[in-house]
Amino acid sequence: MVHFIQKNSFEATHIEDEWIILDTDQFTVTRLNDLGGFCWLKLREAQTVDSLSEAIDHEYGSNCEKTSIDKFLSDLMKCGLIDHAI
């Protein structure tokens, strides 16, 4: 099973219902909604699609499609914010 984890120590700020992730090395800003911010915090430790799905179900009381989580993780990978955990 593939595990994902935050790539570096990025600056993250929570403002109202939005998360701002600053990559000071690449000079980029990534905005996440509240659910994305929840996943971002979880990714401080290695996570799988299944573990994130379970955490979302527990925290929000609703089922989140694993394909949506996979897409979210793929987008974070493209932004250079996460990597495969070893």
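Since the model is a prediction, treat every value here as computed from it, not as a measurement.

Draft legend 1. Quick look at the sheet that holds strand S3 (residues 18–23). Reading across the sheet, the three strands line up as S2-S3-S4 and stay open at both edges, with antiparallel pairing between neighbours. Taken across any chain shown, the strands that pair with only one partner, and hence form the sheet edges, are strand S2 (11–15) and strand S4 (28–33). Each adjacent strand pair in this sheet contributes to an overall mean axis angle of 20 degrees, direction not counted. Lying over the sheet, helix H1 (residues 34–42) contacts S2, S3 and S4, oriented at roughly 110 degrees with respect to S4.

Draft legend 2. Spatial organisation of the environment of Ile69. With respect to the secondary-structure elements, Ile69 resides in helix H3 (residues 66–78). In this structure the C-alpha to C-alpha distance between Ile69 and Gly36, which are 33 residues apart in sequence, comes to 9.4 Å. Those residues in contact with Ile69 that lie beyond four places of it in its chain are Val49, Leu52, Ser53, Ile56 and Cys64.

Draft legend 3. Examining the nonpolar core more closely. One finds Leu32, Trp40, Leu43, Ile69, Leu73, Leu76 and Ile82 to be the most contacted residues of the largest nonpolar core, which totals 20 residues. Counting only elements with at least two residues in this core, the list comes to S3, H1, helix H2 (49–60) and H3. Once residues within four sequence positions are removed from consideration, Leu32 is found in contact with Asp17, Glu18, Trp19, Ile21, Gly37, Trp40, Phe72 and Leu76.

Draft legend 4. Quick peek at the pairing of S2. Note: S2 against S3, five bridges, orientation antiparallel. Each residue of the ladder has a partner; that of Ile15, found in S3, is Glu18. In sequence, S2 turns back onto S3 through a hairpin of two residues, with Glu16 there showing a positive phi of about 55 degrees.

Draft legend 5. Summary view of the state of the cysteines. Under the defined criterion, the tally for this structure stands at zero disulfides. Lacking any disulfide linkage, Cys64 is separated from the closest cysteine sulfur, that of Cys39, by 6.9 Å. Free of any disulfide, Cys79 has its nearest neighbouring cysteine sulfur in Cys39, separated by 14 Å.

Draft legend 6. Geometry of the packing of H1 against H2. Between H1 and H2, the least distance of the axes is 11 Å, while the angle of their chain directions is 125 degrees. On the basis of their axis angle, the class for H1 and H2 is oblique. Seen from above, H1 lies across H2 with right-handed handedness. Residue-level inspection shows Asp34, Leu35, Phe38, Cys39 and Lys42 of H1 in contact with H2, the latter providing Leu52, Ala55, Ile56, Glu59 and Tyr60.

Cut-offs and rules
Note on numbering: residues in each chain are counted from 1, in written sequence order. A pLDDT threshold of at least 70 governs which residues receive local features in this predicted model, and a stricter bar of 80 or more applies before side-chain atom pairs are shown or counted, although totals over entire chains, interfaces and linings include all residues. Hydrogens and water molecules were not included; the side-chain quantities draw on all heavy atoms of the structure. At least two bridges found by DSSP between two strands is the condition for calling them paired. Segments assigned H or I by DSSP are reported as helices when at least four residues long, segments assigned E as strands when at least two residues long, and all are numbered from the N terminus. Inter-axis angles, ranging from 0 to 180 degrees, are taken between N-to-C directions of lines fitted to C-alpha atoms, where helices are fitted over the stretch in contact. In this analysis, two residues are considered to be in contact whenever any of their non-hydrogen atoms come within 4.5 Å of each other. To form a nonpolar core, buried Ala, Val, Leu, Ile, Met, Phe, Trp, Tyr and Cys residues must be joined to one another through side-chain atoms within 4.5 Å. Under the scheme applied here, a residue whose accessible area is under 20% of the maximum for its type counts as buried, over 50% as exposed, and between as partly exposed, the area being computed with a 1.4 Å probe on protein chains only. The disulfide criterion is simple: two cysteine sulfur atoms within 2.5 Å. Our angle categories are set so that under 35 degrees counts as roughly parallel, over 145 as roughly antiparallel, 65 to 115 as roughly perpendicular, and the remainder as oblique. Crossing handedness is read from the near helix: turned anticlockwise from the far helix by less than a right angle, it gives a left-handed crossing, and turned clockwise, a right-handed one.

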